[in-house]
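For reference, the chains in residue letters:
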Amino acid sequence: MSQVNDFVIKIATVNGTGSASANSLLMKALFRMGIPVTGKNLFPSNIQGLPTWYEIRASHAGYRARSGRVDMMVAMNAQTYGKDLAEVSPGGYLIYDSSWPRDRQLARQDVHLLGIPLAAMVNEQYGNARVRILMKNIAYVGALCALMAIDRDVVKALLEETFAAKPKLVDSNLQAIQLGHDYAKEHFDCPLPIRAEPMAATVDHVMIDGNSAAALGCLFAGATVGAWYPITPSTSLMDAFEKYCRQLRRDPDTDAKRYCIVQAEDELAAAGMVLGAGWAGARAFTPTSGPGISLMSEFIGYAYYTEIPAVFFDIQRVGPSTGMPTRTQQCDLMAAAYASHGDTRHPVLLPADPAECFELAVTAFDLAESLQTPVFVLSDLDIGMNDWMIPKLTWDDDYRPDRGKVLDRQALEKIDKFHRYLDVDGDGIPWRSVPGTHPAGAFFTRGSGHNRYGGYTEDADAYQDVVDRLLVKWETARQRMPAGVLTRSTRPTEAGIIAYGSSDGAVTEALDRLAAEGLDLDYLRIRAFPFGDEIDAFLESHQRIFVVDQNRDGQMKSLLTLETDVDRNRLISIRHYNGMPIPSDLIYDQVRRILAREAVA
Amino acid sequence: MTYIAKPRVYHSGLRENPLGLTIRDYEGGLSTLCAGCGHDSITTALVQACWELALKPEQVIKLSGIGCSSKTPAYFLSGSHGFNSVHGRMPAVATGALAANRDLVCIGISGDGDSLSIGFGQFAHAVRRNLNMLYIIENNGVYGLTKGQFSASADPGSKAKYGEINRNQSIDPVAAAITLGGSFAARAFSGDKDQLVPMIKAGLRHPGCAVIDVVSPCVTFNDHEGSTKSYAHTRSNSHQVVHVDFVPPAEPITARQTDGQQVPVRLHDGSTILLRKTDPDYEPTDRLTAMACLERHRRKREIVTGVLFMDTDLAEFHQIAGTSSGALTDLAFEDLNPGNDKLQALQQKLR
Ligand SMILES: Cc1ncc(C[n+]2csc(CCOP(=O)(O)OP(=O)(O)O)c2C)c(N)n1
Ligand code: SF4
Ligand SMILES: [Mg+2]
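S.K.: Any chance you could explain the packing of aromatic side chains here in plain terms?
M.R.: To describe a pair of aromatic rings, you give the distance between the ring centres and the angle between the ring planes. Tallying each qualifying case throughout the model produces 19 aromatic pairs over all chains. One aromatic cluster is present, formed by Phe220(A), Phe358(A), Trp395(A), Tyr399(A) and Phe333(B) through successive ring pairs. The ring of Trp388(A) has Lys40(A) sitting right over it, with the charged end atom 4.3 Å from the ring centre.

S.K.: Quick question: what am I supposed to make of the site of ligand 1 here?
M.R.: Residues and elements named next belong to chain B. The full set close to ligand 1 counts 18 residues, and Ser-69, Asp-112, Gly-113, Asp-114 and Gly-144 are the nearest of them. One nitrogen or oxygen atom from the side chain of Asp-112 is found 2.7 Å from an oxygen atom belonging to ligand 1. For ligand 1, the protein covers 77% of the area, taking 600 Å² as the surface of the free molecule. Residue assignment for the shell around ligand 1 shows that the elements contributing at least two residues are helix H2 (68-71), helix H4 (112-116) and strand E5 (142-143). Here the shell around ligand 1 gets three residues from one element, more than from any other, and that element is H4. Residue classes in the shell around ligand 1 are distributed as six nonpolar, nine polar and three charged.

S.K.: Is there a simple way to explain the site of ligand 2 in this structure?
M.R.: Close to ligand 2 lie Leu33(B), Cys34(B), Cys37(B), His39(B), Cys68(B), Asn140(B), Cys218(B), Val219(B), Thr220(B) and Phe221(B), which account for all nearby residues. Residues that form the shell around ligand 2 fall into these classes: seven nonpolar, three polar and no charged.

S.K.: Sorry, what's going on with the environment of Thr38(A) here?
M.R.: All names here are of chain A. Along the chain, Thr-38 turns up in strand E3 (residues 37-42). Assessed through its relative accessible area of 3%, Thr-38 is described here as buried. With 128 residues separating them along the chain, Thr-38 and Lys-166 place their C-alpha atoms 28 Å apart. If near-sequence neighbours (up to four positions away) are discounted, Thr-38 is found in contact with Met-27, Glu-55, Ile-56, Arg-57, Arg-64, Asp-387 and Trp-388.

S.K.: Any chance you could explain the pattern of salt bridges here in plain terms?
M.R.: Any two side chains of opposite charge can pair if their charged atoms end up close together. As enumerated under the stated definition, the model contains 44 salt bridges over all chains in all. Among the salt bridges present, the one from Arg64(A) reaches Asp353(A), with a minimum N-O distance of 2.8 Å. Here the residue Arg64(A) occupies a position in the loop between strand E4 (51-59) and strand E5 (72-75), and Asp353(A) occupies one in the loop between strand E14 (348-349) and helix H12 (354-371), the gap between them amounting to 289 residues. Note on accessibility: Arg64(A) and Asp353(A) belong to one class, buried. Close ionic contact of Arg400(A) with Glu334(B) constitutes a salt bridge, the shortest N to O distance being 3.0 Å. Of the two residues, Arg400(A) sits in the loop between strand E16 (387-391) and helix H14 (409-413) while Glu334(B) sits in helix H11 (residues 333-336), which places them in two different chains. Residue Arg400(A) is classed as partly exposed on the basis of its relative accessible area, which comes to 45%. Connected through shared salt-bridge partners, Arg283(A), Asp366(A), Glu369(A), Arg403(A) and Arg432(A) make up one network.

S.K.: Teacher, can you tell me more about the domain arrangement of chain A here?
M.R.: By a widespread convention, an interface's size corresponds to the accessible area lost as its parts come together. Residue and element names in this part refer to chain A. When cut into domains, chain A gives domain 1 (3-202), domain 2 (208-391), domain 3 (409-480) and domain 4 (485-600). For domain 2 and domain 4, the distance between their C-alpha centres works out to 27 Å. Each partner contributes to the interface: domain 2 provides 26 residues, whereas domain 4 provides 26 residues. When domain 2 packs against domain 4, the two sides together hide about 2,100 Å² of surface, and 54% of this comes from carbon and sulfur. Along the contact surface separating domain 2 from domain 4 lie four salt bridges.

S.K.: Explain the sheet that holds strand E20 (residues 522-526) of chain A to me, please; I cannot follow it from the model alone.
M.R.: The pairing of strands in a sheet happens through backbone hydrogen bonds and is either parallel or antiparallel. All names here are of chain A. The five strands are arranged E18-E20-E19-E22-E23 in an open sheet whose pairing can be described as mixed. Edge strands, defined here as strands with exactly one partner in the open sheet, are strand E18 (485-487) and strand E23 (571-575). Adjacent strand axes in the sheet meet at a mean angle of 20 degrees when their direction is disregarded. One ladder, built from five bridges, connects strand E19 (residues 495-500) with E20; its direction is parallel. Directly across from Ala-499, in E20, lies its bridge partner Arg-525. In the packing of helix H19 (residues 584-600) onto the sheet, contacts are made with E19, strand E22 (544-549) and E23, and the angle to E23 comes to roughly 150 degrees.

S.K.: Honestly, the side chain of Asp209(A) in this entry has me stumped. Any pointers?
M.R.: Residues and elements named next belong to chain A. Examined against the element boundaries, Asp-209 turns out to sit in strand E9 (residues 205-209). No salt bridge is formed by the buried Asp-209; the nearest opposite charge belongs to Lys-243, separated by 7.4 Å. A distance of 3.2 Å separates the side chain of Asp-209 from the backbone nitrogen of Asn-211, its partner in a polar contact. For Asp-209, the side chain forms a polar contact with the main-chain nitrogen of Ser-212, separated by 2.8 Å. Every residue in contact with Asp-209, bar those within four places of it in the chain, is listed here: Pro-354, Ile-383, Gly-384, Met-385, Asn-386 and Asp-387.

S.K.: Hey, could you run me through helix H6 (residues 167-187) of chain A in this one?
M.R.: In an α-helix there are 3.6 residues to a turn, and that puts residues three or four apart on one side. All names here are of chain A. Look at H6: 31 Å from first C-alpha to last across 21 residues, which is about the 30 Å you get at 1.5 Å a residue. Listing the buried residues of H6 in full gives Val-170, Ser-172, Asn-173, Ala-176, Ile-177, Leu-179, Gly-180, His-181, Tyr-183 and Ala-184. Where the residues of H6 are buried, they touch helix H1 (19-32), strand E7 (112-116), helix H3 (118-125), helix H4 (129-148) and helix H5 (152-162).

S.K.: Just checking my understanding: could you explain a negative patch on the surface for this structure?
M.R.: On the surface, a cluster of negative charge is made up of Asp396(A), Asp397(A), Asp398(A) and Asp341(B). By the element assignment, Asp397(A) lies in the loop between E16 and H14. Among the residues examined, Asp397(A) registers a relative accessible area of 41% and is labelled partly exposed.

S.K.: Quick question: what am I supposed to make of the interface of chain A and chain B here?
M.R.: Between chain A and chain B, the residue contacts involve 80 residues of the former and 64 residues of the latter. Both faces combined, the contact of chain A with chain B buries some 5,700 Å², and carbon together with sulfur accounts for 64% of it. Inspection of the region where chain A meets chain B yields three salt bridges. A salt bridge links Arg258(A) to Asp335(B); the nearest nitrogen and oxygen atoms lie 3.9 Å apart. Contributing elements (two or more residues each) for the side of chain A that touches chain B: H1, E9, helix H7 (210-221), helix H8 (235-248), strand E11 (260-263), helix H9 (267-279), helix H10 (290-306) and strand E17 (444-446) of chain A. Tallying contributions element by element places H9(A) first for the side of chain A that touches chain B, with seven residues. Partitioning the side of chain A that touches chain B into residue classes produces 44 nonpolar, 19 polar and 17 charged. With three bridges connecting them, E17(A) and strand E2 (residues 81-84) of chain B associate as parallel partners. Across the sheet, residue Thr445(A) finds its bridge partner in E2(B), namely Phe83(B).

Conventions adopted
Residues numbered from 1 in each chain as written. Chains lettered and ligands numbered in written order. Predicted model: local features only at pLDDT ≥ 70, side-chain atom pairs only at ≥ 80, totals over all residues. Heavy atoms only, no water. Phe/Tyr/Trp six-rings, centres within 6.5 Å; stacked < 30°, edge-to-face > 60°. Lys NZ or Arg CZ within 6 Å of the ring centre and 35° of its normal. Near = heavy atom within 4 Å. Polar contact = N/O pair within 3.5 Å; in protein donor to acceptor, adjacent residues only side chain to side chain. Areas by Shrake-Rupley, 256 points an atom, 1.4 Å probe, with all protein chains shown as cover. Helix = DSSP H or I, 4+ residues; strand = E, 2+ residues; numbered from the N terminus. Nonpolar A, V, L, I, M, F, W, Y, C, P; charged D, E, K, R; others polar. Buried < 20%, exposed > 50% of the residue type's maximum accessible area, 1.4 Å probe, protein only. Contact = heavy atoms within 4.5 Å. Salt bridge = Lys/Arg side-chain N within 4 Å of Asp/Glu carboxyl O. Domains from an automatic or database assignment. Buried area = accessible area lost by both parts, 1.4 Å probe. Pairing = 2+ DSSP bridges. Axes fitted to C-alpha atoms, helices over the stretch in contact; angles between N-to-C directions. Lys, Arg positive; Asp, Glu negative; His and termini not counted. Expected span 1.5 Å × (residues − 1). Patch = residues over 30% accessible without salt bridge, like charges linked within 9 Å, V, L, I, M, F, W, Y side chains within 5 Å. Charge placed at Lys NZ, Arg CZ, Asp CG, Glu CD.

Pasting the structure below:
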């Protein structure tokens, strides 16, 4: 059986040994050969010395989820060798470092074991200990070039670009490639049936992680204030924002920054800074993860009640508590939707990949300002920190930010008395003013009871008047949320599947496989909360609806039962929550089993 | 949208400042604090100071946390934006607002509970970032609004209304601000307007975080014998080291005459403040002296007032950050958005 451009390579190493650059070199080489790829970094919450894996999936069909299969294991970590061997799919391959004797106890008849003396070869070639460690990684890339027909010219070009400033490094890297390559050529039957072949599926595409794309979204949306407290897996979002701003947001004359990033003392402060900046008229955001959302809650409720625009990026990781900081989940959906005490509800945007991180980051600022409320962008570690192939991002230069109802100086000049919380337009959204504009715009922002004029109140009716008006605004918000994406099956069906965020790739692939077996499902990918009419329509028109969640408690299923009229008995929860990105096999297996059982019954 | 335009009513017979505004224009809503509350005196001093400085009300923001003290921004400068935030978090909101618009004049009002307990971290970080704001702590040694529990500034040995004795050490915000690397640390007494008004003016003009700890007796829960923050105790034990006068460049105000040496300090905006030492040995630009002075008086259970420390050369928040001059909120979208060409160019590296 030959598997051309349809395979999974998994590399098991120890973190802190520099394998990341070798792995991205490998993935980029496949990408440049025109083959759709995705890379998933499965790393520990640790800086050095613990096991780490990198999974590269090449798929000519363009599938981007984990498949649950491993065709080529590069087992560079003796600690995890047994586990890594066990994970290889029958008929697959495993490369091990034959510089040392292999543990004979660990053997499998159905897996091809390929021993390459990587350490011995590089030790002979390079004197420096650090260089030896790094080059061992590059050498396995060389071996894979021979074994899997990966274009060495492409690899060479990539190395030349990476080390443009240090040509010496190009040579030593190429040498290591050569070592691995030649050994494989000489000792194995190259190329293997599992191999790459040039195609043209990646033209006009780029490889990017979701946090970088979200950061670009913030930059292009015109965000000027970012406040944060470092937390995995959101840190790289602010790192990227800073990097891009440094390049593209400087005063051309003075080089001064046209942005202000504050590394806050904690997430409470980060949230407060975002509110202060939003209140003062800037587009402001904070990237964080679950524990940060918990700390920010008091301010989130404040922003809801006082109607201050703010954008919160929650790059979800595994909870509860510290959980597993370097593993992925969709476990903060409920926490975000209802964050803070009292009756609060917040718009939540649900990007499925880096392209949507970019798009929805911009949407988030427009919604936050036009609705005058905190808006969440709920990404996750899988989207945020892994490399995804997406169509090149484009920007419409005619775009102008939706600043919402802000009274400017001219408008304020005509007004004698401005009332902050008056619903003058009937859409539940009052007008606001920002400091520094005009004395007539002055008002007092308070989280304590206030009436429609902005005055302090403990009056029952006056209090209720304002929170009821917030419900009118919520309905306005509902109508403005990005619509879900409906994918109809080729044949009419009463079965449906609902998913969101990073489950999209796995669902798409599973549905293709199910359809090939005659099992049809319509697919609705939810992109936002509050739910639009299209979601009600989908729930009404399907009898059996699978709801895919990457959390233990089926949070989207809960949210649907709470916020729509759906009969909960029609919903079947598919849940995956061990911290690994959801594999397509899991969805395929569960849907198939249940639909088959029902067909029999 | 529809708003009814109403003609503005002007007061007559009151003195106008260079903006043509009277002191009335700097007042706020009616105070709902207890009659005689020290916080109200601070409010009055703030009104006076802002009027004298002829601050444009719309250029001022007034922020606070939660507490009786934090209610007071509603009682001054009704022509300014106010932000009564959550308990202990005023500094974060101020940081964000000033990050967005550095041209705003920021007045932060807090209490000893608000800044020295729940918000101690945020207080510390506003000071060390040298955020350009006036940071007033209305210090009464108790949680007024929650009815008289000890705060972290209650002195060891002080007695609460119902007889309980505080045995914990107290936090002195002035000493804290100095050790945190603050650029302006002062103390006043709410009942001494002559000292407080010029000090507020100096704080408002100081290019950095000006912390003023104002001993502000709570008449309801902390103004009784045994309390070291009572009117009686403070009046008889307060010891003034430095007297501050403020002289705006346009219209010099005659300094109150006191004996002793003058220390003129020129501020970044070109104005000058004159520090008048009542204590000939005192040097307000030296941290060691300030700490020693605080400790010396603390041992004598005296409350030392005045500007204890100031350094106008310390880089403030935006200087440290390297932000462009002018408010970020004033930048046009074209100056913020790099455009599609740049986006395409940047993505060359992502292939
Ligand atoms: C998160 C939170 N916890 C507790 C409270 C209750 N609370 C309101 S004011 C206050 C103490 C205020 O003390 P201080 O800052 O000294 O102000 P004062 O009333 O003495 O002027 C407390 C504990 C609150 N509002 N929020
Ligand atoms: S309780 Fe104390 S602090 Fe509060 S208003 Fe009354 S006197 Fe002032
Ligand atoms: Mg107090």
